[in-house]
Every structure is written in structure tokens, then in C-alpha cells.
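# Reading the structure
Single-letter residue listing:
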Amino acid sequence: MKPAYLETIALIERLHRQCMELVKTELDRLGVRDLNAVQAMILFNLGDSQLTVGELTQRGYYLGSNVSYNVKKMVENGYLHQERSPHDKRATHLRCSEKGLAICNRLDELFDRHANELANTGVDQSSLGTTNDSLQRLEGFWAAARVTGVTSGA
């Protein structure tokens, strides 16, 4: 079991890097130079929602320090609007600007093309569903391991 588990961990890392490279390539193709792949994915995951930085990190997408830095850069470059919460002055609400939504739309188009092209590779909805189910169970295992201390060897 351990060799397959280690292969899965390595594959997850490689797939994440490759996904970020695809996003970066699309940004380069669009001539977008003031946004990196991680920032573009923050915009994509935010979409037309309004969230706080805390909500982005709680959803498990990003680390807090990285989100704060990236949010600052995206606000400076006009991709995000940031407003103080009227109820909690410590919290700020984020929403995509028109410029940010344009990036979301381009990434949505890219992912649509990829989803349509996947059928030609033998990857169908059923196999993706099986993969997603396995990854979600692995995510749940890792989340529980953090809480129960399985990672400590105790």
C-alpha cells in the first residue's frame, strides 16, 4: 500500500504544478503580465461571489499569508475590489472587478475546452467521478489525521 500511497502524493503534486503551468500559459497567451497563476485561480474560485480572506482560506484553497499577499497585489492591479465589513472592521470582503471577472471567464472557457477534449483521451465522466471520489476520501483522511494526530506517529 505504501508505494501506491507515495505515488499518489507525488502525482497530486505534479498535477497541481501542471495545472498552474496551464493557467500561466493561458495568461501569457492573453498578454496578462500582472497576474500569476495562483492569483488567477483565486479569482476563478471567487467568481461572482463575495467572500472574506478568511472564507477563502477556510475553504482550504490557499494559505493565509499567501492569500493576503496575493489579494494585495490583485487589488493594486485592479482585479479585485476589497471593502471593510460594516459589521466587523477586522474583516474585508472581496469581489472580482470587471477586469477580474474577465479573467474568470477566460479560465472558464479554457476549462470548458479541456473538459470537451478529455473525451478524446479516454477519460470520461465516470472515470473522473471515480478519481474525484478517491481524492475526496483521501482529503477526508488527511483532515482527520491532522485532528487525531495520526501524523505524529503516536
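As a starting point, this report considers the structure included with it. (Residues numbered from 1 in each chain as written. Predicted model: local features only at pLDDT ≥ 70, side-chain atom pairs only at ≥ 80, totals over all residues. Heavy atoms only, no water.)

Moving on, we get to the packing of helix α2 (residues 37-46) against helix α5 (residues 98-118). Contact pair α2 / α5: the axes reach a minimum separation of 9 Å and the direction vectors enclose 90 degrees. Between α2 and α5, the angle is such that the two are roughly perpendicular. Here α2 contributes Ala-40, Met-41, Leu-43 and Phe-44 to the contact with α5, which in turn contributes Gly-100, Ile-103, Cys-104, Leu-107, Asp-108 and Phe-111. (Axes fitted to C-alpha atoms, helices over the stretch in contact; angles between N-to-C directions. Helix = DSSP H or I, 4+ residues; strand = E, 2+ residues; numbered from the N terminus. Parallel < 35°, antiparallel > 145°, perpendicular 65-115°, else oblique. Contact = heavy atoms within 4.5 Å.)

The strand order across the open sheet built from three strands is β1-β3-β2, with neighbouring strands paired in antiparallel fashion. A strand with exactly one partner marks an edge of an open sheet, and here the two such strands are β1 (51-52) and β2 (80-84). The pairing of β2 with strand β3 (residues 92-96) spans five bridges and is classified as antiparallel. When the bridges of β3 are listed, Arg-84 appears paired with Thr-92. Contacts between α2 and the sheet are confined to β1, β2 and β3, with β3 contributing the most and set at about 95 degrees to the helix. (Pairing = 2+ DSSP bridges.)

Right, let's get into the packing of aromatic side chains. Taken as a whole and judged by the stated rule, the model has one aromatic pair. Note on Phe-44 and Phe-111: the rings are 5.1 Å apart at their centroids and 80 degrees apart in plane angle, and the pair reads as edge-to-face. Of this pair, Phe-44 sits in helix α2 while Phe-111 sits in helix α5, and the two are 67 residues apart along the sequence. For Phe-111, a relative accessible area of 22% corresponds to the partly exposed category. Just above the ring of Tyr-79 sits the side chain of Lys-99; from NZ or CZ to the centre is 4.4 Å. (Phe/Tyr/Trp six-rings, centres within 6.5 Å; stacked < 30°, edge-to-face > 60°. Buried < 20%, exposed > 50% of the residue type's maximum accessible area, 1.4 Å probe, protein only. Lys NZ or Arg CZ within 6 Å of the ring centre and 35° of its normal.)

Now for the pattern of salt bridges. The tally for this structure, following the rule as stated, stands at 10 salt bridges. The salt bridge partner of Glu-76 is Lys-73, with a shortest N-O separation of 3.5 Å. Taken together, the residues Glu-76 and Lys-73, both in helix α4 (residues 64-76) and three residues apart, mark about one turn of the helix. One salt bridge connects Arg-95 with Glu-83, and the closest N-O pair in it is separated by 3.1 Å. Separated by 12 residues along the polypeptide, Arg-95 in strand β3 and Glu-83 in strand β2 bring together distant segments of the chain. Assessed through its relative accessible area of 36%, Glu-83 is described here as partly exposed. Salt bridges sharing common partners tie together Lys-24, Asp-28 and Arg-33. (Salt bridge = Lys/Arg side-chain N within 4 Å of Asp/Glu carboxyl O.)

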